[in-house]
Amino acid sequence: MSEKNLAHANLEFQQQSNAGFQSAEEQRRSREIQAEVERIGKADTYFPLDRDND
């Protein structure tokens, strides 16, 4: 009787679940490109201007 690592099973489930929620464009992207898109999306892009300090 083989036992499955629960952490591995949970990861597989999450990957399968997430695939259903991905847009068609996300599904076409390579893993490297998708990782870069996500990294850029999480970047702090706020740059304070002089008017913001008043």
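Residues numbered from 1 in each chain as written. Predicted model: local features only at pLDDT ≥ 70, side-chain atom pairs only at ≥ 80, totals over all residues. Heavy atoms only, no water.

Describing the overall build of the protein chain
No. 1: A count of helical and extended segments in the protein chain gives 3 helices and 0 strands.
No. 2: Of the regular secondary structure in the protein chain, the N- to C-terminal order runs α-α-α.
No. 3: Counting the 54 residues in the protein chain, one finds 2% classified as buried.
No. 4: Carbon together with sulfur atoms contributes 52% to the accessible area of the protein chain, which is approximately 5500 Å² in total. (Helix = DSSP H or I, 4+ residues; strand = E, 2+ residues; numbered from the N terminus. Buried < 20%, exposed > 50% of the residue type's maximum accessible area, 1.4 Å probe, protein only. Areas by Shrake-Rupley, 256 points an atom, 1.4 Å probe, with all protein chains shown as cover.)

Overview of the side chain of glutamine 34
No. 1: Among the structural elements, glutamine 34 can be located in helix H3 (residues 31-42).
No. 2: Here glutamine 34 is in contact with Glu26 and Arg29, once residues within four sequence places are set aside. (Contact = heavy atoms within 4.5 Å.)

What to know about the confidence of the model for the protein chain
No. 1: Across the protein chain, the average pLDDT comes to 76, with 57% of residues at 70 or higher.
No. 2: Of all the helices and strands in the protein chain, helix H1 (residues 6-21) carries the lowest mean pLDDT, 63, while H3 carries the highest, 91. (pLDDT = per-residue confidence, 0-100.)

Quick word on the pattern of salt bridges
No. 1: With the rule as written, the count across this model stands at 2 salt bridges.
No. 2: With its nearest N and O atoms 4.0 Å apart, the salt bridge here joins arginine 51 to aspartate 52. (Salt bridge = Lys/Arg side-chain N within 4 Å of Asp/Glu carboxyl O.)

Remarks on the environment of arginine 29
No. 1: Of note, arginine 29 is situated in the loop between helix H2 (24-28) and H3.
No. 2: For arginine 29, a relative accessible area of 26% corresponds to the partly exposed category.
No. 3: In this view, arginine 29 contacts Gln34 and Val37; residues no more than four positions away in its chain are not counted.

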